[in-house]
Structure formats: structure tokens, C-alpha cells
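Chain by chain, the residues:
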Amino acid sequence: MTTHTPTTPTPQGSTAPSATPGGTAIRSAEVLVSSPGRNFVTLRITTSDGVTGLGDATLNGRELAVASYLRDHVVPLLIGRDAHTIEDTWQFLYRSAYWRRGPVTMAAIAAVDVALWDIKAKLAGLPLYQLLGGASRRGIMAYGHASGRDLPELFDSIRQHLDEGYRSIRVQTSVPGVDAVYGVAAQASEGGRYDYEPARRAPLPAEEDWDTRAYLRHVPGVFEAVRAEFGPELPLLHDGHHRMTPIQAARLGKDLEPYDLFWLEDCTPAENQEALRLVRHHTTTPLAIGEIFNTVWDYQTIIREQLVDYVRSAVTHTGGITALRRILDFAAQYQIKSGIHGPTDISPVGMAAALHLDLAIHNFGIQEYMKHSPLTDEVFRQSFTFVDGHLHPGDAPGLGVEHDDEAAARFEYQPAYLPFNRLKDGTVHDW
Ligand code: CS2
Ligand code: MG
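How each quantity is defined
Residues numbered from 1 in each chain as written. Chains lettered and ligands numbered in written order. Predicted model: local features only at pLDDT ≥ 70, side-chain atom pairs only at ≥ 80, totals over all residues. Heavy atoms only, no water. Helix = DSSP H or I, 4+ residues; strand = E, 2+ residues; numbered from the N terminus. Rg over C-alpha atoms; globule rule 2.2 N^0.38 Å. Buried < 20%, exposed > 50% of the residue type's maximum accessible area, 1.4 Å probe, protein only. Contact = heavy atoms within 4.5 Å. Areas by Shrake-Rupley, 256 points an atom, 1.4 Å probe, with all protein chains shown as cover. Lys, Arg positive; Asp, Glu negative; His and termini not counted. Charge placed at Lys NZ, Arg CZ, Asp CG, Glu CD. Near = heavy atom within 4 Å. Polar contact = N/O pair within 3.5 Å; in protein donor to acceptor, adjacent residues only side chain to side chain. Nonpolar A, V, L, I, M, F, W, Y, C, P; charged D, E, K, R; others polar. Salt bridge = Lys/Arg side-chain N within 4 Å of Asp/Glu carboxyl O. Core = buried A, V, L, I, M, F, W, Y, C linked by side-chain atoms within 4.5 Å. Donors = N, O, S within 2.8 Å, 3.2 Å for Na, K, Ca; no water. Expected span 1.5 Å × (residues − 1). Pairing = 2+ DSSP bridges. Phe/Tyr/Trp six-rings, centres within 6.5 Å; stacked < 30°, edge-to-face > 60°. Lys NZ or Arg CZ within 6 Å of the ring centre and 35° of its normal. Bend = angle between axes of the 7 residues up to and from the residue.

Draft legend 1. Structural detail: the overall build of the chain. For the chain, the count of helices and strands is 14 helices and 21 strands. Its C-alpha atoms give the chain a radius of gyration of 21 Å, near enough to 22 Å, the size a compact globule of 431 residues would have. Expressed as a percentage of the 431 residues in the chain, the buried residues total 59%. Within the chain, counting contacts between residues at least 6 apart in sequence, those at least 24 apart form 73% of the total. With the model as given, the accessible surface of the chain reaches about 16600 Å², and the carbon-plus-sulfur share is 53%. Looking at the chain, you have 38 positive and 53 negative side-chain charges, and the mean spots of the two groups are 3 Å apart.

Draft legend 2. Expanded view of the site of ligand 1. Among the 16 residues in the neighbourhood of ligand 1, the closest are listed as Asn60, His241, Glu291, Arg312 and Glu368. Histidine 241 has a polar side-chain atom sitting 2.9 Å from an oxygen atom of ligand 1. Within the contact set of ligand 1, an oxygen atom lies 2.3 Å away from a side-chain nitrogen or oxygen of glutamate 368. In the complex, the protein chains occlude 95% of the 340 Å² of accessible area that ligand 1 would expose alone. Per-class residue counts for the shell around ligand 1 are 4 nonpolar, 4 polar and 8 charged.

Draft legend 3. Spotlight on the pattern of salt bridges. Tallying each qualifying case throughout the model produces 27 salt bridges. Arginine 149 is paired through a salt bridge with glutamate 153; the nearest N and O atoms lie 2.7 Å apart. The class for glutamate 153 is partly exposed, based on a relative accessible area of 23%. In this structure, arginine 159 engages aspartate 156 in a salt bridge whose closest nitrogen and oxygen atoms are separated by 3.6 Å. You can see arginine 159 and its partner aspartate 156 sitting in helix H5 (residues 151–163), 3 residues apart, about one turn around the helix. Looking at aspartate 156, the relative accessible area reads 49%, which means it is partly exposed.

Draft legend 4. View of the nonpolar core. Within the largest apolar cluster, 118 residues are counted, with the highest numbers of intra-cluster contacts made by Ile45, Leu70 and Leu276. If one sorts the elements of this core by residue count, helix H3 (residues 103–124) sits on top with 12 residues. When neighbours within four sequence positions are excluded, isoleucine 45 is seen to be in contact with Ile26, Ser28, Ala29, Val51, Thr52, Gly53, Leu78, Val112, Ala115, Leu116 and Ile119. With 6 residues, the next largest nonpolar core counts Leu237, Ala288, Tyr310 and Ile366 among its residues.

Draft legend 5. Local environment of the coordination of the magnesium ion (ligand 2). Within the protein, Asp239 (OD), Glu265 (OE) and Glu291 (OE) serve as the donor atoms for the magnesium ion (ligand 2), at 2.0 to 2.2 Å. Within one chain, the residues serving as donors to the magnesium ion (ligand 2) are arranged as D-x25-E-x25-E. With aspartate 239 in strand E9 (residues 236–239) and glutamate 265 in strand E10 (residues 263–265), this residue pair connects regions lying 26 residues apart in the sequence. Note on accessibility: aspartate 239 and glutamate 265 belong to one class, buried.

Draft legend 6. Looking closely at helix H11 (residues 321–332). An ideal rise of 1.5 Å per residue puts 16 Å on 12 residues; H11 measures up with 16 Å between its terminal C-alpha atoms. Burial in H11 covers these residues: Ile321, Thr322, Ala323, Leu324, Ile327, Leu328, Phe330 and Ala331.

Draft legend 7. Fine view of unusual backbone geometry. Positive phi, close to 50 degrees, is recorded for aspartate 260, a residue that is not glycine. Along the chain, aspartate 260 turns up in the loop between helix H8 (246–256) and E10. Positive phi, normally seen in glycine, also occurs at glutamine 306, with a value near 50 degrees. Mapped onto the secondary structure, glutamine 306 falls in the loop between helix H10 (300–304) and strand E12 (310–311). The exposure class assigned to glutamine 306 is partly exposed, which follows from its relative accessible area of 35%.

Draft legend 8. Geometry of the sheet that holds strand E8 (residues 207–209). Across the sheet, which stays open at both edges, the 3 strands sit in the order E8-E20-E21 with mixed pairing between neighbours. Pairing within the sheet leaves two strands with one partner each, and these edge strands are E8 and strand E21 (428–429). Relative to E21, strand E20 (residues 420–422) is paired through 2 bridges, and the arrangement is antiparallel. Directly across from asparagine 421, in E21, lies its bridge partner histidine 429.

Draft legend 9. Up close: the packing of aromatic side chains. In the structure shown here, the tally under the stated rule is 16 aromatic pairs. Plain terms: the ring middles of phenylalanine 40 and phenylalanine 380 are 5.4 Å apart, the flat faces sit at 80 degrees to each other, and that makes the pair edge-to-face. Here phenylalanine 380 lies in strand E15 (residues 380–382) and phenylalanine 40 lies in strand E3 (residues 40–47), a separation of 340 residues in the sequence. The exposure class assigned to phenylalanine 40 is buried, which follows from its relative accessible area of 0%. When the ring of tyrosine 166 is compared with that of phenylalanine 386, the centres are 4.8 Å apart and the planes differ by 45 degrees; the resulting orientation is tilted. Of this pair, tyrosine 166 sits in the loop between H5 and strand E6 (169–173) while phenylalanine 386 is found in strand E16 (residues 385–387), placing the two residues 220 residues apart along the sequence. Under the relative-accessibility criterion, tyrosine 166 is labelled buried at 2%. A connected cluster of aromatic rings, assembled from ring pairs, spans Tyr143, Phe262, Trp263 and Tyr310. The residue whose ring lies beneath arginine 38 is phenylalanine 40, and the NZ or CZ to ring-centre distance is 5.4 Å.

Draft legend 10. Looking closely at helix H1 (residues 63–78). Of all bends in H1, the biggest is about 35 degrees, found at arginine 71. Of the positions making up H1, those classed as buried are Glu63, Val66, Ala67, Tyr69, Leu70, Val74, Val75 and Leu78. Summarising the contacts, the buried residues of H1 are in contact with strand E2 (26–34), E3, helix H2 (86–96), H3 and strand E19 (416–417).

The analysis is restricted to geometry; functional conclusions fall outside its scope.
This is the structure in C-alpha cells:
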């Protein structure tokens, strides 16, 4: 489904701060919604000279909210603006809305921001990372998602990811007594591969079950077995996915210390940033958080008190390259590194934006990389590479991604929702 928007300037003229030089005036902005394997929302901005830029506006399970925010409330404000004025456009969209922050607003602003960076870099004839300070490393260490319902299946999944070239591995497993658990491929898709987010195409979210005590009893033994099988050096990561209380997270962090994890992610919900003080006090297992955060204010205490070691936000969810760069620079002052979110519900456009940022910043940590499905690759022609466990955005001018409208037209949007959990007594719980 592709939605186009008016290409004539708004009646009252442009919202630009000053007269716009001809060639780089924004002539049109299209909100492109498609579903090649999973739903994506993409913004394409075109200048009067015909230069195009892409931005990712995908919010898994709430895609149409962002598509409408862009189409109905942002795009009309962009027409006639100078595509070069990235900072003014960001501040204008953030402040002129009056209502600030939140996942929908910041994903919409992110899409505009990244599309304008794509245009600026194309006009300069440079890959985007060159405009962000140039390369600070040869390649970007990536981690992949291994999982299993039992140890043999988990070991096979780890070996498969090592064979695919990954040099860092996230480990997620089933839990005895729990039917379906986040992150375990064999449950998420018939193919036994965790190809894309388990957002189920259905009119309603799927209910799954959860038992934190069973999880806490089970996971340390899994990592003991993985270390025994694969040795002490392989960087291992684990995602708690917001399901523990702070004291439960502290216990798991402590129980996992002998297995030397690269990080324990989303160990507890962190709307109350101070909750991490208790976890930090009890364990030296490195902590990562932030994939559901959307502005620097979600991190303020966490970063200033060094309550985590890695910032998880994606460019797509945090207001774009302009905003995430500032968050990562703030984090760098406290020796905190990047761990940008990279599941398949971040589109190849959002992934490419992350890679350009990963390559340029000094406090790079690691990049999540779930491979997109072949259908997704038909719609988004990417130029990034994955060699020997490391990603590189490539040196094509701009982001290095093109959107194939013809291919996209074959994949209509379908409502899809992430599952939710209920505890044994029926209480809703974080998934
Ligand atoms: C997960 C995500 O990759 C991760 O770390 O937390 O896959 C998350 O479940 C999805 O992005 C939700 O859409
Ligand atoms: Mg996560």
C-alpha cells in the first residue's frame, strides 16, 4: 500500500526559516507502507532537483500510527523547506508539535531526519558516515540471535550463527513449564529460523504465558552449559526483555557472573530509571537498556549515574541520527558505549543509518544484526556488507539504500501485533 502526499507548497507558504535556494527545496514526501515478510513504514523525501532521501518510520505493531502522523501532520509542513536545514527541521518538528516525545512522534521525526541526512550526503557525493566525522574503525562488530527450546537445539543455533560469520551471539531459550517465550525461533516461525520479529499477522495480539521464578531457576544452567560447550571467549548476550523486577534482575545478573556475559539487556522495566541502582549495586554483569526509549530524557539518570554499560536505542525510535548522536555523545562522557537495536523490525533503512553512526562514533560497543528476510531484501536494495562478523555501511553516496516501489506494491500492509504475557493467575505481564 503506498500513500502519496501533495507535492505543492502549503497555501501559507513554507515553514522554512529563510528563503530556500531552488534546487534543495523539498518538493514531495511520500509515506510508503509495505509488508515484505513484515510491515515497514518508509518516508521518501524528494527535492526540487529530484534528489531523494529515505527514512525508516517503522514502529512494530503500531505502524499505521506513525504513517498517519507523518502523512497527516508532518509532510504538509515539509513542502518548500530547504532539505539542507536538518537541525532547524528537527527542532521545528520537535517544538512546533507542542506535544513532545513518545514513540510515535520520535519515529516520525527520525524518518524525516534520516531522509534529510541521506539527501545531504548524496548531494555531497559521500557515504553518510563521512559527514559524521569519518570512519573510527574498519568494521562494526555484530551479534546474532541464537535460540533453542532445549540445549541441543540451542547449540545447533549457536553453531549455525558462527557458521554464518557471527563472532558474538545472543542466547535465548525456552523455560520449562512456560509454553512460549520471547526470542525462541522454533516457536516464532514454522521455519525454525527466527527470521523476523514474532509480530503475528492477526487482528489481535497473541497471549503467551510467563513464570519469572522458573526463568530464574533455568537460565544460569543454560549459560553454564553454553560456556562448557563453546568455551570462555565467545561474547554471549542475553535479553531479559523487561520481565523481571529489580531484585530479580539483580539475582540473575549475579547468577550469570561466572559466565562472563557481554551484556544482560532490558533486565527490568526502566520508566523508573532509579530501579537500575539496585541492580547495579548487586552485580558486575554488564547491563544494556533503551530499545524502547525515545529521547535523551529517558536516559538522564541512567547515564549520569552510570547505571548501564550500553545504550540500546535505534536511530528509528529516537528521533534520528541528529538525536541519537547526541545521546551517544552524552553517554561517552560516562564511558558508556553504543549497542544499537537492530532486529528485523528496524528496516534496512534504519539499519543503514545505524551502521553509518556505528562507524563514526568513538564509543561504539556492538551492533545487533538479525538478517532481514529475502522478501524484505526485494523491496530495500542495500549496500551494507557483513564479513567475518563485522558490518560495514558501504561507500555509496548517502545511506546506500534504495526502495523498490514495484516490489513493495506486491506486499500489502497486514495488521500484526507483538504477543503479550499473562502470568499463571491471569495478570498481564511484560512480554
Ligand atoms: C528485542 C527486539 O532484538 C531485541 O533486543 O528486544 O527484537 C524486540 O522484541 C522487538 O524489536 C519488538 O518489536
Ligand atoms: Mg531487546
